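This is what each chain is made of:
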Amino acid sequence: MVSQREDGVGIQEIPPSGVDVRFPHSARVYDWWLGGKDNFAADRAMGAALVEAIPTLREMAKENRRFVHRVARHLVGEAGIRQFLDIGTGIPTRPNLHEVAQAVAPETRVVYVDNDPIVLAHARALMISTPQGRSEYLHADLREPEKILSDARLTETLDLDRPVALTLIAVLMLLRDSDDPAGKLRALMDAVPSGSYLAITHPTGDFDPAAMNAAVAAATQGGMTLVPRTRAEVERFFAGWELVEPGIAPVAAWRPEEGAGGDPHAAYYWAGLARKP
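From a predicted model like this one, the values you see are computed outputs, not experimental measurements.

Definitions and cut-offs
- Residues numbered from 1 in each chain as written.
- Predicted model: local features only at pLDDT ≥ 70, side-chain atom pairs only at ≥ 80, totals over all residues.
- Heavy atoms only, no water.
- Helix = DSSP H or I, 4+ residues; strand = E, 2+ residues; numbered from the N terminus.
- Expected span 1.5 Å × (residues − 1).
- Buried < 20%, exposed > 50% of the residue type's maximum accessible area, 1.4 Å probe, protein only.
- Arc of directions from axis to C-beta.
- Phe/Tyr/Trp six-rings, centres within 6.5 Å; stacked < 30°, edge-to-face > 60°.
- Lys NZ or Arg CZ within 6 Å of the ring centre and 35° of its normal.
- Salt bridge = Lys/Arg side-chain N within 4 Å of Asp/Glu carboxyl O.
- Core = buried A, V, L, I, M, F, W, Y, C linked by side-chain atoms within 4.5 Å.
- Contact = heavy atoms within 4.5 Å.

Asks: So what exactly am I meant to see when it comes to helix α10 (residues 209–221) here?
Replies: The α-helix winds at 3.6 residues per turn, so residues separated by three or four positions along the chain end up facing the same way. A rise of 1.5 Å per residue sets the reference length of α10, with its 13 residues, at 18 Å; its end C-alpha atoms lie 18 Å apart and thus fit the reference within 8%. For α10, the set of buried residues is A211, M212, A215, A218 and A219. For α10, the angular spread of buried residues about the axis comes to 120°, placing them on one side. In α10, the exposed positions angled more than 90 degrees off the buried face are occupied by A210, N213, T220 and Q221.

Right under this line is the structure:
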C-alpha cells in the first residue's frame, strides 16, 4: 500500500516497489476520482486534467462501479453464473465484485487481473472470500491473454469447462487499435464455454465529441492512452455472442435501479452484456 514519511520538509509519499510514480496509471487515476488515497502526483495531475475536459468524470467513475454491482447481481442471481474473470480490476473499492456476487451466492469464485503494482499491494484485501467461494488475484496484462489463461492461480480457481463471466470495465480504452484489443479479448472469449458471458463498459465520444476529444488530448499530453470508441465499435467486441437486453446502452441506462433518475447520457460510456451461444 502507499505509505508516507516525514522527510523534514513535509509528507513524502513512498510507493511500493516497482511503481514508477513519474507516470500516471489508469487504476490510480480512477482511484483519485473515487476519492481514494492510493495515487501519486502524476495520477492526480492527470485526473484533474481529464476532469477539466469532462467535469462529470468523477460521477462517471461511480456510474461504472454501479454497473459492476448491477451486472454481477444479474449474472449470479438470474443467469446462474458462479465464476468471474475480471480484467483490469483496479484498486479495490468496496463492495468489490466478489463481495457483491458472493452476497447472492457464497460459492462464487472470482479471479482478478491487473497490471498495476499498487493493485498487487492490495491483493490480500481482494482475496478475502467467503469460505464457500474463492477470490484470487493475478498480476498480468490483457495484452498477454495466453499468460492469464495458463496461470496456475486461474486454472486452480476457475473451471474453464463451466460458464465464466468475463468483465472488462473501462479497460479496452487503454489499448490502441494497433494493440489488437479485439484479438486479445477474443482469446479470452474463445477459452470459455457456451453459456459464458462478457460484460464491457467503454468510453465514447458519441455523446459529447468535443469534451471527449479534449480528454484524449489531455491523456496523450500526460503520457496515458485513452481510446474512445463508437457504439458500433463497442458492439463489434461482442461479435458472435448474443446481447442481453437492453443491448448496447449508456452505462447509466443499462438495467438501472428502480428510482434511478438523471440523464442517462451524462456518463460518456457504452455498456453491454452478451452470452456465448
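Asks: Any chance you could explain the packing of aromatic side chains here in plain terms?
Replies: For any pair of aromatic rings, geometry is given as the distance between the ring centres together with the angle between the planes. The final tally for this structure, using the stated rule, is four aromatic pairs. Plain terms: the ring middles of F207 and Y268 are 6.4 Å apart, the flat faces sit at 65° to each other, and that makes the pair edge-to-face. Of this pair, F207 sits in the loop between β7 (197–203) and α10 while Y268 sits in the loop between β9 (249–250) and β10 (269–275); the two residues are 61 residues apart in sequence, bridging distant segments of the chain. Through a chain of ring-to-ring contacts, the aromatic side chains of F207, Y268 and W270 assemble into a single cluster. Sitting over the ring of W32, R58 keeps its end group 4.6 Å from the ring centre.

Asks: So what exactly am I meant to see when it comes to the pattern of salt bridges here?
Replies: Counted according to the given criterion, the structure contains 15 salt bridges. Ionic pairing is found between R73 and E257, a salt bridge with its closest N-O pair at 2.5 Å. Linking R73 in helix α3 (residues 57–77) with E257 in the loop between β9 and β10, this pair joins segments that are 184 residues apart in sequence. The partner of E136 in a salt bridge is R134, with the nearest N and O atoms 3.5 Å apart. Taken together, the shared-partner salt bridges in this structure form one network comprising E59, E63, R66 and R70.

Asks: Would you explain the nonpolar core in this entry?
Replies: For soluble globular proteins, nonpolar side chains are generally found buried alongside one another. One finds L50, L85 and L168 to be the most contacted residues of the largest nonpolar core, which totals 86 residues. Looking at this core, the element that brings in the most residues is α3, giving nine residues. If we ignore the near neighbours within four places in the chain, the residues touching L50 are V29, W33, L57, A215, A218, A219, M224 and L226.

Asks: Any chance you could explain the environment of D20 here in plain terms?
Replies: Checked against the element boundaries, D20 lands in the loop between β2 (11–14) and α1 (26–33). Residue D20 is classed as partly exposed on the basis of its relative accessible area of 33%. Taking the C-alpha atoms as reference points, D20 and F40, 20 residues apart in sequence, are found 9.8 Å from one another.

Read these as layout, nothing more, since geometry by itself doesn't imply function.
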